[in-house]
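Residue-level structural notes
Read off the chains here:
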Amino acid sequence: MKREVDTEMEPAGSATTTGNLKRNITGKMLFLFILGDVLGAGIYALVGQIAGEVGGVTWVPMLVALGLALLTAASYAELVTKYPRAGGSAVFAERAYKRPAISFLVGFCMLSAGVVSAAGLSLAFAGDYLGTFIDIPPVLGAVIFLALIGALNARGIKESVRANLVMTMIETTGLVIVVIAVGVLLSNGGGDVGRAARFDQLDSPVVAIFGAALLAFYSFVGFETSANVIEEVKDPSRVYPRALFGALVTAGVLYMLVGTAASIAVPADELADSSGPLLTVIQATGVAIPDWLFSAIALVAVANGALLTMIMSSRLTYGMANQGLLPPVFSRVLPERGTPWVAIVATTALAMVLTVTGSIATLAETVVLLLLIVFLSTNIAVLVLRRERVQHRHFTAWTVLPVLGALSCIVLFTQLSAEVWLRGGIIIAVGAAIFALDTLARRRTPSQ
């Protein structure tokens, strides 16, 4: 990967403000923004399922998933710094394919994935973890939680990212505690280091690794949301690639350490049977850490993921409205706060509705499909847009990376069930209907 310099000019609007959005996000804040979204709640739940697929070598599928994520991340680094505008993948598709229907559906898939993910995270927040502290119906708890997230989002990007900073530190601390606790276990003569190198008598380790890599890949999803706050980042061409790759590698190293530590402390079958695998690991180490502490850390992790997802969804809605892909009302911004309030209200309300339409597992599977469609479009868009020059410096990926990124999306498509494809197809059909109705309305307006 390399940086290409077209001219010595910086992107338009590289001052402290651009349009109606304020550039308040520094490089460190962006790094923590991406890291917090990638870490999220996935690692707290998926370690056990990954162990169930491959045995103790959980670090191998995590390494494979990191490589797959970096391929698509390279495409985002190039396009985001080349076209630093809110809207992300929808903007890239619009420029690459010159088809409003395609750019709308790509943006709609990204937007839908964000809102569906937030709905699922809100249910996770209001479930067993919150039940440790307070007894409240899950759906009611999810709706209240989403309302609080929406209020923080509307207050301002700086406040939201600062809250993310605190929550990222907390959830990262929880993962570090796991590694340290297992270290204490080893120093006391416990654990089994050999488990971290055993496949537990699998017939086909390679097949198992790729099956587990699909689960691990879900843990890396979230980096793409950063594209939708690029108009609020200071010096995006220099800052964005460093923050993106740095956050992904940091998350990957932490995931592999935690996965290895979990395998050393607890046999794979026990991890697979646990709904709270990291809590099971802590209990196995014998280190005196209260159970409620990990419930609290998990709540913070889920809340952080939901906050960043809703930031992405609202900024994407705002960006699509500015591009004429959604009604202009969604581009309205609070005068003093500089936040897209109509987009925030709309995406938060939709997430609230989705909390009563399916389980966490159902919503999560749908998110994976929608994001793979977005990633495939973005990887192809990089190659299509290579012929287009811009008047500022931007990152350029090696050509082989977006090619491999597109192929990896196709491979992962084959791992999804027909039921998931049906749900995704319904969402895409809804998006197509919205686009058709909006197009029809626009055609009729000039003649009236």
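Residue positions are counted from 1 within each chain, in the order its sequence is given. A pLDDT threshold of at least 70 governs which residues receive local features in this predicted model, and a stricter bar of 80 or more applies before side-chain atom pairs are shown or counted, although totals over entire chains, interfaces and linings include all residues. Excluded from the side-chain calculation are hydrogens and water; included are all heavy atoms of the structure.

Attention shifts here to the overall build of the protein chain. Scanning the protein chain from N- to C-terminus turns up 16 helices and four strands. Throughout this description, buried means an accessible area under 20% of the type-specific maximum (1.4 Å probe, protein chains only), exposed means over 50%, and partly exposed covers the range between. Sorting the 448 residues of the protein chain into buried and exposed places 55% on the buried side. Two residues form a contact once any of their heavy atoms are found within 4.5 Å. Residue pairs at least 24 apart in sequence account for 84% of intrachain contacts in the protein chain once pairs closer than 6 positions are excluded. Strands here are runs of E lasting at least two residues and helices are runs of H or I lasting at least four, both read from the DSSP assignment and numbered beginning at the N terminus.

Positive phi outside glycine occurs at lysine 98, with the angle close to 55°. By the secondary structure assignment, lysine 98 is in the loop between helix H4 (89-97) and helix H5 (100-131).

Looking now at helix H11 (residues 277-285). Within the sequence span of H11, burial applies to Pro277, Leu278, Thr280, Val281, Ile282 and Thr285. Phi turns positive one or two residues past the end of H11, at glycine 286, with a value near 80°.

Between helix H12 (residues 291-322) and helix H13 (residues 341-354), the shortest axis-to-axis distance is 8 Å and the interhelical angle comes to 125°. It follows from the interaxial angle that H12 and H13 lie oblique. Crossing handedness for the pair H12 and H13: right-handed. Along its contact with H12, which presents Met310, Ser313, Ser314, Arg315, Thr317 and Tyr318, the element H13 presents Ala343, Ile344, Thr347, Thr348 and Ala351. Axis lines are fitted through C-alpha atoms, for helices just across the contact stretch, and the angle between N-to-C directions can take any value from 0 to 180 degrees. Angular relationships are summarised with four words: roughly parallel below 35 degrees, roughly antiparallel beyond 145, roughly perpendicular across 65 to 115, and oblique for the angles in between. A crossing counts as left-handed when the near helix is turned anticlockwise from the far one by less than a right angle, and as right-handed when that turn is clockwise.

This part is about helix H9 (residues 236-265). Helix span is expected to be 1.5 Å times the residue number reduced by one. Between its terminal C-alpha atoms H9 stretches 42 Å, which fits the 44 Å expected from 30 residues at 1.5 Å a residue. Among the 30 residues that make up H9, 22 are buried, leaving the element largely enclosed by the rest of the structure.

The next subject is the pattern of salt bridges. In the sections that follow, a salt bridge refers to a side-chain nitrogen of Lys or Arg positioned within 4 Å of a carboxyl oxygen of Asp or Glu. For the coordinates displayed, the defined rule picks out four salt bridges. Across the salt bridge formed by arginine 195 and aspartate 192, the nearest N and O atoms sit 4.0 Å from each other. Notably, a salt bridge pairs arginine 198 with aspartate 192, separated by 3.1 Å at the nearest N-O pair. On the accessibility criterion, aspartate 192 (27% relative accessible area) is partly exposed.

Checked against the element boundaries, threonine 355 lands in the loop between H13 and helix H14 (360-384). The class for threonine 355 is buried, based on a relative accessible area of 3%. A distance of 2.5 Å separates a polar side-chain atom of threonine 355 from the backbone oxygen of methionine 352. Discounting chain neighbours no more than four positions away, the residues touching threonine 355 are Ala119, Ser122, Leu123, Val139, Ala142, Val143 and Leu146. Definition of a polar contact: a pair of N or O atoms within 3.5 Å, with one able to donate and the other able to accept a hydrogen when the atoms are protein atoms, and with sequence-neighbouring residues admitted only if both atoms are side-chain atoms.

Computed over the protein atoms alone on a 1 Å grid, cavities are sets of points where a 1.4 Å probe fits but cannot get out and pockets are open sets with protein on both sides within 12 Å along at least five of seven lines; a residue lines them when it has an atom within 4 Å of a point. Grid points are joined across faces, edges and corners, and a volume is the space filled by probe spheres set on the points. Within this model, the second largest pocket holds a volume of roughly 550 Å³. Lining the second largest pocket are 23 residues, with Phe108, Ser112, Leu350, Leu354 and Ile427 sitting closest to its centre. Among the secondary structure elements, those contributing two or more residues to the lining of the second largest pocket are H5, H13, H14 and helix H16 (418-444). When residue character is reported, Ala, Val, Leu, Ile, Met, Phe, Trp, Tyr, Cys and Pro are called nonpolar, Asp, Glu, Lys and Arg charged, and the others, Gly included, polar. Of the residues belonging to the lining of the second largest pocket, the class tally is 15 nonpolar, seven polar and one charged.

What follows is about a nonpolar patch on the surface. A cluster of nonpolar side chains, Leu383, Trp398, Val400, Val403, Leu404, Leu407 and Ile410, forms an exposed patch at the surface whose accessible area comes to about 600 Å². With five residues, helix H15 (residues 400-413) is the largest single contributor of residues to the nonpolar patch. Relative to the helices and strands, leucine 404 is located in helix H15. A patch consists of residues whose relative accessible area exceeds 30% and which take part in no salt bridge; residues with like charges are grouped when within 9 Å of each other, and nonpolar side chains (Val, Leu, Ile, Met, Phe, Trp, Tyr) when within 5 Å. Per-residue and other accessible areas follow the Shrake-Rupley method at a 1.4 Å probe size, with only the shown protein chains counted as cover for residues.

Within the element layout of this structure, threonine 173 appears in helix H7 (residues 157-187). Note: C-alpha distance between threonine 173 and isoleucine 297 (124 residues apart in sequence) is 8.6 Å.

Before going further, it helps to examine the nonpolar core. Considering soluble globular proteins, one finds that nonpolar side chains tend to be buried as a cluster. The criterion is simple. A nonpolar core is a set of buried Ala, Val, Leu, Ile, Met, Phe, Trp, Tyr and Cys residues joined through side-chain atoms within 4.5 Å. Grouped together as the largest cluster of nonpolar side chains are 145 residues, with contacts concentrated most on Leu30, Ile34, Tyr76, Phe217, Phe223, Leu244 and Leu248. Per element, the largest residue contribution to this core is 17 residues, and it comes from H5.

Let us look at the packing of aromatic side chains. Classification of ring pairs uses Phe, Tyr and Trp, with its six-membered ring standing for Trp, and accepts pairs whose centres are within 6.5 Å; under 30 degrees between planes counts as stacked, over 60 as edge-to-face, and the remaining range as tilted. Taken as a whole and judged by the stated rule, the model has eleven aromatic pairs. With centroids separated by 5.7 Å and ring planes inclined at 20°, the aromatic side chains of phenylalanine 104 and phenylalanine 108 adopt a geometry described as stacked. Of this pair, phenylalanine 104 and phenylalanine 108 both sit in helix H5, four residues apart, which is roughly one turn of that helix. For the pair phenylalanine 413 and tryptophan 421, a centre-to-centre distance of 5.3 Å together with 45° between the ring planes defines the contact as tilted.

Before going further, it helps to spend a moment on the confidence of the model for the protein chain. Known as pLDDT, the predictor's per-residue confidence is scaled from 0 to 100. Model confidence for the protein chain is summarised by a mean pLDDT of 82, while 89% of its residues fall at 70 or above. Throughout residues 2-19 the model reports pLDDT below 50, and contacts reaching past four residues in sequence, or to other chains, amount to 41 contacts.

Between helix H1 (residues 27-39) and H12, the shortest axis-to-axis distance is 8 Å and the interhelical angle comes to 120°. Once H1 is placed against H12, the crossing between them reads as left-handed. Facing Phe33, Gly36 and Asp37 of H1, the residues of H12 in contact are Asn304, Gly305, Leu308, Thr309 and Ile311. Of the residues in the contact of H1 with H12, the class split is three nonpolar, four polar and one charged.

Turning next to the side chain of threonine 72. Within the element layout of this structure, threonine 72 appears in helix H3 (residues 59-82). Within the structure, threonine 72 has its side chain in polar contact with the side chain of asparagine 379 (distance 3.2 Å). The contacts of threonine 72, once residues within four sequence positions are left out, are Phe223, Phe375, Asn379, Gly405 and Cys409.

With that out of the way, let us pick up the environment of glycine 107. Looking at the element boundaries, glycine 107 is found in helix H5. Classification of glycine 107 as buried rests on a relative accessible area of 0%. Along the backbone, glycine 107 and leucine 325 are 218 residues apart, and their C-alpha atoms lie at a distance of 8.6 Å. Discounting residues that sit within four places of it in the chain, glycine 107 has contacts with Ala90, Leu316 and Met320.

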